Structures are given as structure tokens and as C-alpha cells.
Amino acid sequence: MTSDQPRNVLNDLRGRKIVSDVSNEELLAKHLSSGVRTVYAGFDPTAASLHVGHLIPLSVLRRFQIAGHNTIALIGGATGLIGDPSGKSAERQLNDQSVVMDWVERQREQICRFLNFDGSSPPQIVNNLDWTENLDVISYLRDIGKHFSVNAMMQRDNVRTRLEREESGISYTEFSYMLLQAYDFVELAKRFDCTVQVGGSDQWGNILSGVDLVRRLLQKQAFAITLSLLTDSEGAKFGKTAGGAVWLDSTLTSPYSFYQYWMNIADADVAFLVNMLSFTDSQKRKELLANHAAKPELREAQRALARELTEWVHGTDGLASATRITDVLFGGQLENLTEGDLEQLWQDGLDRAEVKSEQNLPMVMCEVSLANSRGAARRLIESRSVRVNNNSITDVHYALTREQALFGRFHLIRRGKKAWGIVQHDEG
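(A) Broad picture of a nonpolar patch on the surface. On the surface, Val137, Leu141 and Tyr172 cluster together into a nonpolar patch covering about 330 Å² of accessible area. Residue placement: tyrosine 172 occurs in helix α10 (residues 172-175). Tyrosine 172 gets classed as exposed once you look at its relative accessible area, which sits at 54%.

(B) A look at the nonpolar core. Membership of the largest hydrophobic core comes to 61 residues, with the highest contact counts inside it found for Leu55, Val198, Ile225 and Trp262. No other element matches the eight residues that helix α16 (residues 300-329) contributes to this core. What tryptophan 262 contacts, discounting residues up to four positions off in sequence, is Val52, Leu55, Leu273, Leu277, Gln302, Leu305, Ala306 and Leu309. By size, the runner-up hydrophobic cluster in this structure holds 28 residues, among which are Met153, Leu180, Phe185 and Cys194.

(C) A look at the packing of aromatic side chains. In this structure the tally under the stated criterion is five aromatic pairs. On the numbers, 5.5 Å between centres and 70° between planes, the contact of tyrosine 40 with phenylalanine 185 is edge-to-face. One end of the pair, tyrosine 40, is in strand β2 (residues 38-43); the other, phenylalanine 185, is in helix α11 (residues 177-192), and 145 residues separate them in sequence. For phenylalanine 185, a relative accessible area of 0% corresponds to the buried category. Note on phenylalanine 258 and tryptophan 262: the rings are 6.0 Å apart at their centroids and 70° apart in plane angle, and the pair reads as edge-to-face. Residue phenylalanine 258 and its partner tryptophan 262 are both found in helix α13 (residues 255-263); the two are separated by four residues, about one turn of the helix. One residue, arginine 63, lies across the ring of phenylalanine 279, its end atom 4.3 Å from the ring centre. Against the face of tryptophan 346 rests arginine 352, its NZ or CZ located 4.8 Å from the ring centre.

(D) View of the side chain of threonine 132. Positionally, threonine 132 belongs in helix α6 (residues 129-132). In this structure the side chain of threonine 132 is engaged in a polar contact, spanning 2.7 Å, whose partner is the backbone oxygen of asparagine 128.

So, how was this worked out
Residues numbered from 1 in each chain as written. Predicted model: local features only at pLDDT ≥ 70, side-chain atom pairs only at ≥ 80, totals over all residues. Heavy atoms only, no water. Patch = residues over 30% accessible without salt bridge, like charges linked within 9 Å, V, L, I, M, F, W, Y side chains within 5 Å. Areas by Shrake-Rupley, 256 points an atom, 1.4 Å probe, with all protein chains shown as cover. Salt bridge = Lys/Arg side-chain N within 4 Å of Asp/Glu carboxyl O. Helix = DSSP H or I, 4+ residues; strand = E, 2+ residues; numbered from the N terminus. Buried < 20%, exposed > 50% of the residue type's maximum accessible area, 1.4 Å probe, protein only. Core = buried A, V, L, I, M, F, W, Y, C linked by side-chain atoms within 4.5 Å. Contact = heavy atoms within 4.5 Å. Phe/Tyr/Trp six-rings, centres within 6.5 Å; stacked < 30°, edge-to-face > 60°. Lys NZ or Arg CZ within 6 Å of the ring centre and 35° of its normal. Polar contact = N/O pair within 3.5 Å; in protein donor to acceptor, adjacent residues only side chain to side chain.

Here it is, written out as C-alpha cells:
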């Protein structure tokens, strides 16, 4: 689809069950079908990296791009300093401006990887601090605040819920967040003729405030689209593991762990995720999910999703590394692993331990959760159930040395067929 052939993306989003709410849907459908439009999504820098929950708005921006529309990713250098009360039971901790600005730049670099910058209309990546930083208090109160009813603001779910919590309440700072977000829409409408905002379903009230402010200040029609949150069949948000969030930054979540996260998605959730996140066409998705339903034990849908998303987030090299590590840990040749692969496993892929120049194997097995005692470790070794760097070990006095380590650094210890741990020699 080229930029002179725009189409109504809503049909595709509806079919994928991505859409939660739409303002004035009939008019929006005509608006999208009748010309090239500009659509934006906002990303507040509340951490050093985006996480898997951000894949929904990123994928939606990409779908609008494919359909021929213009897109804007807004990074909230200003709103990130304030804190969005949506979904929060208490006040966010305010971060130093230098920290937030560092996160802005990190997220800018990440977003650049997800959108297509080729062609005549590349996406815009903007920072709302550019137009908020010099906004004086009197102008803010007269030109923006005058258009907001406190009564209406207090009825918003995210505000009302906080007001009902006597022990926490809500500060004027967070109460004002929706005004700043609404003003973003006005600025983007003026600067880029932006007419559509997309965001999570918890942003419905904030986005409608922006639609209303654009109408009041610019006398222009604007539209809101909210997206289903990335939740599983139990209602819990995707992207959380025992170790924390699943980040899109490879230094925080390795490509291997990212790949494994999707490989381990429950069968009850995989169809939902394929439809929401995959860029394959409808017919291929139907075939994939039909095959998965017939033989779920093959995990064909999880594998397809893991491959597609890992390549999108981490590139072809990241996918190659993730699949190479997976193959080795599930029966492949250890010699195929690179030093970078082992660094991923050390980062977050396996239980790990750091050792001195020489360390007794039974002790190390306890440290990487392959045995619950040294006696149990010795029995496992005697029963030929333990391998170190693919070598069968039967000596209970065996010691790990740097000379025997892979790349002079690592030992991979395997108990039985599937239980693994990784050991690295310290730099001393």
C-alpha cells in the first residue's frame, strides 16, 4: 500500500480485536478512507526502556504507516516529569529531569527501530517538552485550564479511584496530567495537521480531553482510538515475569529471554497475541492457528510469534542468536554457541554463579540450583547425570578451572536432559 492509496485501518484493527473504543467511528472511517491522515501515539519515559506492553501502540503506528498514513511517536519529556495517574493506586515517584531526559533519548533510539523511515513521509518522533518547557503559568491557566471542568475531571475513573483512597489521594501535579496530554494533541494538530490519537484503553478519558481541546482551540475535528491492553486470559498484564518486566532493550532483557517469553505463552493466550501483534495476513494467521489448535503440543503458533517479534525487536542477528541458544539447550551442539550467546545466558537466561579460578563442582551445582545439597550433587555426579561443557563428569572432586572454560570464561552445567546452569570465572 503506497502513500497515495490510504485505506481505513479500523477494519483491520477491529478484525484483530485490538480496538477498545473509538470516538465518532463512522466519521473517522470516512476521514481515514478519504485521504492521508496523521496519527500519533504517546510514550512516557518512566524507565530506561520500553517494554512488551508498548508493542501494541508501536504495531498500530506501523499498521497506519503500511496503510499510507503519516505517523508521530510522541515521547513525553514533559509529561514524564509529572506522572500519569492512570492505573496507579498512589503517586508516582518523581524522577530527576536529567534521568528523564536520558530515558527520552534511549526511547527515541528504540522507537526508530520499529517504524519505517524509508519513503517520502517518514514518521516524526517528537518530545512534548519542546512546547511545554516555556509555557508560562498564566498562559497555562488562561488558555488551557479554562476549558476544563473540575467536576468532569473528578469523574474520570483514574481520578475518582484515587480520591476514594483517603490514605493516598491525588496531588494537583498528577491531577493536571490530562491537561498537558490534551495540549499535546493541540500542538500536534497545529504543527503536523494531526487528527487521530491512539493509546491504551486506560487513556480514553485523557484522549477525549485532547479531542475536545482541539475542537475548542482550533475548531478542528479530531478523533480518539483506544487499544486493548495486553492482558492474558486471567486478566493479568503480559510482560511481567518472576524477574521483572520484559524489556525491549537487549541489555535489560536478552534476545534469548525475549524469545523464550513468547515460546512459553499459554495455549489459551497465543491466538489472541498472534492476531494482535503479527504482521502476517489474515489467511496465514488462520492457517497457523488452525494448525496450532490441531496439534498444540508442537507449539507452532508460539514459535511463529516468538520468531516474528524477536526479529522485529532485536533484528535478524538477535533472532539467530536466540534460536541458536534454544537449539543447543534443547538438544543441539554446544560448539555452535558464540561468546555473545553465552553472555546472554549469563545475563538472564539461566541460574548463574561466579567462581574463583578453581571451584568444586558439587558446591557450584548448589549455587545454580541444580542440587539442593552437596551430597545430592555428588550423587548426581556418581550416577552420570551431570555434564560440564558437554563433557560427562563422574569425579565428585571435579573442579571448574579457567583453562577448561568456554572462551576462557564460561562453564555450562547440565543435569539430566533439560536442567542447566551457567558459571563464569570472576575477573580476579
